[in-house]
Amino acid sequence: MSKPWVQTPLIESPFLSEAAGCRVFLKLDNNQPSGSFKSRGIGNFVLQRLLSRPGAKTHFYAASGGNAGIACVHAAKGYGYPATVVVPVTAKPIMIDTLWVTGATAVIQHGSNIAEAQAYIEKVLLPRDADGVFCPPFDHEDVWAGNATIFAEIADQLDESPDVVVCSVGGGGLLNGIMQEIGKRNWNDKVQVVAVETDGADSLNQALRAGRLITLPKITSAATSLGCVRVSQKTFEYAQRSNVTNLVLSDAQAARGCCLLAEHEKLMVELTVGVNVPVCHDGLLQRLLGPRKTLTPESKVVIVVCGGNDISVKMLQAWRQAIDVEDGVQGNCVQVSKKDTVVQPASTRIAA
């Protein structure tokens, strides 16, 4: 059976490289068949379930803010199987429309977050369907194994280890996959990872500050595809390693990052991607890394462009107008506000 994901381009960004003072690359997983990196992890989960039960009648069920569901539907449909997706009531119309267009058997809105959508599948839908298989959005070894291929590709495309990888965190499936592959290559001493969240979807940051896994009361960030109220246990463990730094930025800064990528790289991407861009400006990345890694003009930093579904021209225009008002139409400089939160390894808080 063929894999439901593809190798994606790794391109160098002259604009972000100049801003960061080192070589910045973009890993374009928005080019996956499903429009996001979820084609890897979710696609691998679907593939492994089918390989483990050849010929069995199967109906996949996914709980998602959009991207995981789209990936589940794309993979299942590609193999000739049905898929139903339960999305929270906060899911955006653009994501729901994409689910239908991709070929979902049904799209059900239930609950205020992904956890409540998942509970509905497990308690209501699966008991009714003997052929039902739940497709976890992030917390499963097969999902992590699929996501690990993104770092394997990065290493092959660079022909060496990157110095830094920057990725966003929702439930943690992407971070888990990246860390898994870094560990497999014995590169923990070589590669620093910056795990970025938006304020209001910062379940990892809250857990690190509390010293234990916590569940957010609700998601208040506009980056709804990061809308996981609780990260996986494995993510919490990885995030405490010395080569991982957690950063929380605002939705406004994520929107600014999306506008910058649209203007300078001609990419339409989600807030989940835009939130990574500010690390390239005003020396923030070096401040985050501290003495663990000194960046030079030849250092290689890779930003994972994780998705491009939850975005539209209308959204970009609205963000651009808001930025112009805030800046007084005086340019595109990204600034990190004092209220933005940084959690360094060992859960030390500093002001960005």
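Structure first, text after, so check above.
Reading the values: rules and limits
- Residues numbered from 1 in each chain as written.
- Predicted model: local features only at pLDDT ≥ 70, side-chain atom pairs only at ≥ 80, totals over all residues.
- Heavy atoms only, no water.
- Helix = DSSP H or I, 4+ residues; strand = E, 2+ residues; numbered from the N terminus.
- Rg over C-alpha atoms; globule rule 2.2 N^0.38 Å.
- Contact = heavy atoms within 4.5 Å.
- Areas by Shrake-Rupley, 256 points an atom, 1.4 Å probe, with all protein chains shown as cover.
- Lys, Arg positive; Asp, Glu negative; His and termini not counted.
- Charge placed at Lys NZ, Arg CZ, Asp CG, Glu CD.
- Phe/Tyr/Trp six-rings, centres within 6.5 Å; stacked < 30°, edge-to-face > 60°.
- Buried < 20%, exposed > 50% of the residue type's maximum accessible area, 1.4 Å probe, protein only.
- Lys NZ or Arg CZ within 6 Å of the ring centre and 35° of its normal.
- Pairing = 2+ DSSP bridges.
- Right-handed = clockwise from strand over helix to strand, strands pointing away.
- Expected span 1.5 Å × (residues − 1).
- 1 Å grid on protein atoms, 1.4 Å probe; cavity = no way out; pocket = protein on both sides within 12 Å on 5 of 7 lines; lining within 4 Å.
- Points joined across faces, edges and corners; volume = space filled by probe spheres on them.
- Axes fitted to C-alpha atoms, helices over the stretch in contact; angles between N-to-C directions.
- Parallel < 35°, antiparallel > 145°, perpendicular 65-115°, else oblique.
- Nonpolar A, V, L, I, M, F, W, Y, C, P; charged D, E, K, R; others polar.
- Salt bridge = Lys/Arg side-chain N within 4 Å of Asp/Glu carboxyl O.

Novice: I tried to follow the overall build of the protein chain on my own but got confused; where do I start?
Specialist: Helix and strand content of the protein chain: 13 helices and twelve strands. Computed over its C-alpha atoms, the radius of gyration of the protein chain comes to 19 Å, within 12% of the 20 Å expected for a compact globule of 352 residues. Judged by the C-alpha coordinates and their principal axes, the protein chain covers about 55 × 45 × 40 Å. In the protein chain, 72% of the contacts between residues at least 6 apart in sequence involve partners at least 24 apart. Summed over all atoms, the accessible surface of the protein chain reaches about 13,700 Å², with 51% contributed by carbon and sulfur. If the 32 positive side-chain charges of the protein chain are averaged to one point and the 33 negative ones to another, these points end up 4 Å apart.

Novice: Would you mind showing me how to read the packing of aromatic side chains here?
Specialist: For any pair of aromatic rings, geometry is given as the distance between the ring centres together with the angle between the planes. Following the criterion strictly, the structure yields one aromatic pair and no others. Ring plane angle 70° and centroid distance 6.0 Å describe the contact between phenylalanine 151 and tryptophan 187, whose orientation is recorded as edge-to-face. Here tryptophan 187 lies in the loop between α7 (173–184) and β8 (192–198) and phenylalanine 151 lies in helix α6 (residues 141–158), a separation of 36 residues in the sequence. This pair shows no difference in class: phenylalanine 151 is buried, exactly as tryptophan 187 is. Above the plane of the ring of tyrosine 238 lies lysine 234, whose end atom (NZ or CZ) is 5.2 Å from the centre.

Novice: Can you walk me through the pairing of strand β7 (residues 164–168) in this structure?
Specialist: Along a regular strand, successive side chains alternate from one face of the sheet to the other. With five of its five residues buried, β7 lies for the most part within the structure. Burial along β7 is two-sided: Val164, Val166 and Ser168 and Val165 and Cys167, pointing in opposite directions, are all buried. Bridging between β7 and β8 involves five bridges; their strand directions are parallel. Of the residues in β8, the one forming a bridge with valine 165 is valine 193. At this point the chain moves from β7, through α7, to the parallel β8, and the crossover so formed is right-handed. For β7 and strand β10 (residues 300–305), the ladder comprises three bridges, and the chain directions are parallel. Across the sheet, valine 164 pairs through a bridge with valine 301, a residue of β10.

Novice: What should I look at first to understand helix α13 (residues 313–327) in this one?
Specialist: Spacing of three or four residues puts side chains on the same side of an α-helix, whose turn is 3.6 residues. Taking 1.5 Å per residue, 15 residues should reach 21 Å; α13 reaches 21 Å between its end C-alpha atoms and fits that length. Next to the buried residues of α13 lie α10 (251–265) and α11 (271–274). Count one or two residues on from α13 and you reach glycine 328, which has phi positive near 65°.

Novice: I keep staring at the layout of surface pockets and nothing clicks. Help me out?
Specialist: A water-sized probe rolled over the atoms picks out the places where empty space is left. Estimates place the volume of the largest pocket at around 200 Å³. It is helix α5 (residues 114–125) that provides the largest number of residues to the lining of the largest pocket, a total of three residues.

Novice: Please explain the packing of α10 against α13 as it appears in this structure.
Specialist: Viewed as axis vectors pointing N to C, α10 and α13 meet at an angle of 110°, and their least axial separation amounts to 9 Å. One finds that α10 runs roughly perpendicular with respect to α13. Here Ala255, Arg256, Cys258, Cys259, Ala262 and Glu263 of α10 come into contact with α13, specifically with Leu316, Trp319, Arg320, Ile323, Glu326 and Asp327. Of the residues contributing to the contact of α10 with α13, the split by class is seven nonpolar, no polar and five charged.

Novice: How do you make sense of the packing of helix α3 (residues 67–78) against helix α4 (residues 93–102) when you look at a structure like this?
Specialist: Axes are the key here: two packed helices are described by the angle between their axes and the distance separating the axes. Interhelical geometry of α3 versus α4 gives an angle of 5° and a closest axis separation of 9 Å. With respect to each other, α3 and α4 are oriented roughly parallel. Residues Asn67, Gly69, Ile70, Val73, His74 and Lys77 of α3 touch α4, and the partners they reach there are Met95, Thr98, Leu99 and Thr102.

Novice: Whenever I open this one, the pattern of salt bridges confuses me. Can you help?
Specialist: Where side chains of opposite charge bring their charged atoms close, a pairing between them can arise. Counted by the stated rule, this structure contains 13 salt bridges. With its nearest N and O atoms 3.0 Å apart, the salt bridge here joins aspartate 310 to lysine 92. Of this pair, aspartate 310 sits in the loop between β10 and α13 while lysine 92 sits in the loop between β4 (83–87) and α4; the two residues are 218 residues apart in sequence, bridging distant segments of the chain. Summarising the burial analysis for this pair, aspartate 310 and lysine 92 share the class buried. Shared partners join several salt bridges into a network, and the residues in it are Lys27, Asp29, Arg40 and Glu153.

Novice: Looking at this structure, I do not really get α6. What am I missing?
Specialist: Here α6 spans 26 Å end to end across 18 residues, near enough to the 26 Å set by a 1.5 Å rise per residue. Counted residue by residue, α6 has 13 buried out of 18 residues, so it is predominantly covered. Following α6 by one or two positions, aspartate 159 adopts a phi angle in the positive range, close to 65°.

Novice: So what exactly am I meant to see when it comes to the side chain of lysine 38 here?
Specialist: Inspection of the secondary structure puts lysine 38 in helix α2 (residues 38–52). As a buried residue without a salt bridge, lysine 38 has its nearest oppositely charged side chain in glutamate 270, at a separation of 9.7 Å. Setting aside anything within four residues of it in sequence, one finds lysine 38 in contact with Gly43, Asn67, Ala68, Ala71 and Pro137.

Novice: Which parts of the structure should I look at to understand the sheet that holds strand β6 (residues 132–135)?
Specialist: Backbone-to-backbone hydrogen bonds join strands into a sheet, with any given pair of strands oriented parallel or antiparallel. Strands sit in the order β5-β4-β3-β6 across an open sheet of four strands; the sheet is parallel. What marks the edges here is a single partner per strand, and that holds for β5 (106–109) and β6. Across this sheet, the average inter-strand angle for adjacent strands is 20°, counted without regard to direction. Sheet topology note: the strand β3 (residues 59–63)/β6 ladder contains four bridges and is parallel. Looking at the pairing, phenylalanine 60 lines up with valine 133 of β6. Contacts from α3 reach β3, β4 and β6, with the element oriented near 175° to β4. Where α5 meets the sheet, its contacts fall on β3, β4, β5 and β6, and the angle it forms with β3 comes to roughly 150°.

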